[in-house]
Amino acid sequence: MRYILDLHTHTVASGHAYSTLNENILAAKNKGLKLLGVSDHAPKMPGSTQEYYFGNLKVLPEVIEGLRVLKGVELNILNSAGAIDLSDQDMKHLDYAIASLHIPCFENLGATENTNALINAMKHPKVNIIGHPDDARYPLEYERLVIAAKAHNVLLEINNSSLAPVAVRENARENYITLLALCEKHQAAVIFGSDAHYISDIGNFSNVEALVEAVNFPKNLIVNNDINRLWSYLNHSKEV
Ligand SMILES: [Zn+2]
Ligand SMILES: [Zn+2]
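Calculation notes
Residues numbered from 1 in each chain as written. Chains lettered and ligands numbered in written order. Predicted model: local features only at pLDDT ≥ 70, side-chain atom pairs only at ≥ 80, totals over all residues. Heavy atoms only, no water. Helix = DSSP H or I, 4+ residues; strand = E, 2+ residues; numbered from the N terminus. Buried < 20%, exposed > 50% of the residue type's maximum accessible area, 1.4 Å probe, protein only. Salt bridge = Lys/Arg side-chain N within 4 Å of Asp/Glu carboxyl O.

Peer 1: In this structure, what is going on with unusual backbone geometry? I would like to understand it.
Peer 2: What is expected of a backbone is that most residues other than glycine have negative phi and most peptide bonds are trans. Although it is not a glycine, Asn153 adopts a positive phi angle of roughly 55 degrees. On the secondary structure map, Asn153 appears in the loop between helix H4 (142–151) and strand E8 (155–159). With a relative accessible area of 27%, Asn153 lands in the partly exposed category. In this structure, Asp195 takes a positive phi of about 55 degrees despite not being glycine. When you line up the elements, Asp195 lands in the loop between strand E9 (190–193) and helix H6 (206–214). Judged by relative accessible area, which is 5%, Asp195 ranks as buried.

The following block contains the structure:
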């Protein structure tokens, strides 16, 4: 199985990542990717960039060095109502958005309210992906999450960095085993994300690949090998 797209990557603009967009693009090309998404942290993440950065991503060409480049963001979910930290105007020209729970921006409210936060964020027309729903510090009601993701045409991310030995998120492997079984049960699609904060991780799905093989997860529920399939989950298929 060849995975040709990575939509969860960070640049120096995020404040705690260490490569430029062009460096990431060259790394993606060298890895054989066909499509790279740039998804820097939205403004509420301490040290990240500000609104204008996202509003102005429209100046980037669609193809750079022969690689299709999508312009995105990793939003912070702020409360159980699913509030996020960029305006519709700031996101107007973005190709996609990931929405995630992050420790500096969201306090654990318990499984029911944490799940409500993710589901309410999914309802936003710009949100296409829920990032790393895997962290024991934010317990979730996984079956409700999977059913909602499918209903809202939103992809759940299987995050390679969460499964790395240096990961700060807790218990990701066990939580993904639960999540993947429910995705199979409900035929909900997932997307692999590297969550690269440096070039060497661009397109790196090694931890995720080992896990999906171990649980024999159906390949037809993974969107990373088919750009057309991915397209059906992105913004042009949702009303803004
Ligand atoms: Zn980050
Ligand atoms: Zn994140």
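Peer 1: Help me understand the pattern of salt bridges, please; the structure alone is not making it clear to me.
Peer 2: Two side chains with opposite charge may pair up if their charged atoms get near one another. Counted by the stated rule, this structure contains six salt bridges. As a salt-bridge pair, Glu62 and Arg68 come within 3.8 Å of each other at their nearest N and O atoms. In this structure, Lys185 engages Glu143 in a salt bridge whose closest nitrogen and oxygen atoms are separated by 2.7 Å. Taken as a pair, Lys185 in helix H5 (residues 172–186) and Glu143 in helix H4 lie far apart in primary sequence, 42 residues in all. On the basis of relative accessible area, Lys185 is assigned to the exposed category, the value being 57%. The class of Glu143 is partly exposed, set by a relative accessible area of 30%.

Keep in mind these values describe shape, not function.
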